Structures are given as structure tokens and as C-alpha cells.
Amino acid sequence: MEIIVNPKHLDDGTNVIQLETAVGAAIKDFEGSIGVNVPRKRFLPVKTSSDLLLMMSNLYTLKSGNLEMSPLRMFASVPLVKLGKDFNKVKSFLNRFASIPDIMDLDHLTVSGDVTFGKNVVLKGTVIIIANHGDRIDIPPGAILENKIVSGNLRILDH
């Protein structure tokens, strides 16, 4: 099998080279082997935190081993989700959500910077949240953001 060279940059600044093999490439080494095309409804790849948000959301349910988009979603397409580098690590991702927002009616979400989400947040339409460098945005519990741009800093504290 061929070796794939995958350069990586660790959190501590160290550059490393990860060597990988593509198991699927080994199919050529087995006589009579065939490939199977698995439909998207059987799986959704999770390679980024944006993918993870979609999978953990209320968009999908698992029925008889198949992932099904909720019939409550008005659109057949999946929302475009772009989460910034503050969401890259799973631990950081999970710490930023008190609960995964309701994204049933979301078209597009972009989040950048130090942003956290309270419980029972609803995101609809196009939502863009940009926390300036050094600032933090806390989306409060129960907030409904529909076609909104939130930027700068926003902290709502209980008193």
C-alpha cells in the first residue's frame, strides 16, 4: 500500500509528519474484490467540528440503522456550518455548548472567536457570530437568533 504523508501542526507549535495508509487502496491486492457504494443516508462523515454539530443536532434521527433527516425540516439540503478554530478540539467544542442549538430552520451558520451557547438556543436562517480578538460572546439560554449578525462582545449575566 502507498504511504500518504500528512504534515500536521500540533498545539504546542511542533510540526510533525503523520504517515497514513489508505486501506481502500488495498482493494487492488485482493483478487475478485469489489467495492460497495454505501448511500449517504447510511452514514455522514464527521471530519470537522462543523460536521459534529450537524450530527449532534436535531436535524437527524437514527431509524433502523439509517440516518434520516427530520421530516420537520422544510429544506432537503443540510445547513452550511462554519465553526472557527476555537471549536476545533472536541473538548473545546463540547465546552462551548450548554446544549446543541435547534438548527431545524437554519440555512447558514458562521461562528468565529470565543463564543459560547446557552441551553435551548434556536438558530434560524443565516446567523453569523463573530467575537473580536480578546472579546467573548455568550449566547444566552433560550435565545432565538434568526437572520442575525452578532459581533463584538456580548455577555449577559444573571444577577
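Up top is the structure.
Source: prediction; values computed, not measured. (Residues numbered from 1 in each chain as written. Predicted model: local features only at pLDDT ≥ 70, side-chain atom pairs only at ≥ 80, totals over all residues. Heavy atoms only, no water.)

Caption draft 1: Here's a closer look at a nonpolar patch on the surface. A cluster of nonpolar side chains, namely Ile3, Val5, Ile17 and Leu19, defines an oily patch on the protein surface of about 440 Å² accessible area. Elements represented by at least two residues in the nonpolar patch include exactly strand E1 (3–9) and strand E2 (15–21). Counting through the fold element by element, isoleucine 3 comes out in strand E1. (Patch = residues over 30% accessible without salt bridge, like charges linked within 9 Å, V, L, I, M, F, W, Y side chains within 5 Å. Areas by Shrake-Rupley, 256 points an atom, 1.4 Å probe, with all protein chains shown as cover. Salt bridge = Lys/Arg side-chain N within 4 Å of Asp/Glu carboxyl O. Helix = DSSP H or I, 4+ residues; strand = E, 2+ residues; numbered from the N terminus.)

Caption draft 2: Local environment of the pattern of salt bridges. Under the defined criterion, the tally for this structure stands at three salt bridges. Between lysine 89 and aspartate 11 there is a salt bridge, with the nearest N and O atoms lying 3.7 Å from each other. Linking lysine 89 in the loop between strand E5 (80–83) and helix H2 (90–95) with aspartate 11 in the loop between E1 and E2, this pair joins segments that are 78 residues apart in sequence. Residue classification places lysine 89 among the partly exposed positions, given a relative accessible area of 47%. Notably, a salt bridge pairs aspartate 138 with arginine 136, separated by 2.7 Å at the nearest N-O pair. (Buried < 20%, exposed > 50% of the residue type's maximum accessible area, 1.4 Å probe, protein only.)

Caption draft 3: Here's a closer look at the sheet that holds strand E10 (residues 144–152). The parallel open sheet is built from four strands, whose spatial order is E5-E6-E8-E10. Since the sheet does not close on itself, it has two edges, and those belong to E5 and E10, each with one partner. Within the sheet, the average angular offset between the axes of one strand and its neighbour, ignoring direction, is 10°. Both E5 and strand E6 (residues 106–112) contribute to a ladder of four bridges, which runs parallel. Residue pairing in the sheet places lysine 82 in a bridge with threonine 110 of E6. Lying on the sheet, helix H1 (residues 49–56) is in contact with E5 and E6; it crosses E5 at an angle near 130°. (Pairing = 2+ DSSP bridges. Axes fitted to C-alpha atoms, helices over the stretch in contact; angles between N-to-C directions. Contact = heavy atoms within 4.5 Å.)

Caption draft 4: Representation of the nonpolar core within the structure. Residues Leu109, Val115, Phe117, Leu123, Ile129 and Ile139 are the most contacted members of the largest nonpolar core, which totals 27 residues. Elements represented by at least two residues in this core include exactly H1, E5, E6, strand E7 (114–117), strand E8 (122–131), strand E9 (136–139) and E10. Looking at which element gives the most residues to this core, the answer is E8, with four residues. The contacts of valine 115, once residues within four sequence positions are left out, are Phe87, Arg96, Ile129, Ala131, Ile137 and Ile139. (Core = buried A, V, L, I, M, F, W, Y, C linked by side-chain atoms within 4.5 Å.)

Caption draft 5: Region of the structure containing H1. Along H1, the residues that are buried comprise Ser49, Ser50, Leu52, Leu53 and Leu54. On its buried side, H1 packs onto strand E3 (60–63), E5, H2 and E6.

Caption draft 6: Up close: the environment of asparagine 120. Residue position: asparagine 120 is located in the loop between E7 and E8. Separated by 32 residues in sequence, asparagine 120 and asparagine 88 have C-alpha atoms that sit 22 Å apart. Beyond its immediate chain neighbours, meaning those up to four positions away, asparagine 120 contacts Ser99, Gly142 and Ala143.

Caption draft 7: Main features of the packing of aromatic side chains. In this structure the tally under the stated criterion is three aromatic pairs. Residues phenylalanine 87 and phenylalanine 97 carry aromatic rings whose centres are separated by 5.8 Å and whose planes lie at 55° to one another, so their mutual orientation is tilted. Pair noted here: phenylalanine 87 is in the loop between E5 and H2 and phenylalanine 97 is in the loop between H2 and E6, with a separation of ten residues, a long-range link. Of the residues examined, phenylalanine 87 reaches a relative accessible area of 0% and is grouped as buried. When the ring of phenylalanine 97 is compared with that of phenylalanine 117, the centres are 5.0 Å apart and the planes differ by 15°; the resulting orientation is stacked. Linking phenylalanine 97 in the loop between H2 and E6 with phenylalanine 117 in strand E7, this pair joins segments that are 20 residues apart in sequence. Taking relative accessible area as the criterion, phenylalanine 117 reaches 3% and is therefore assigned buried. (Phe/Tyr/Trp six-rings, centres within 6.5 Å; stacked < 30°, edge-to-face > 60°.)

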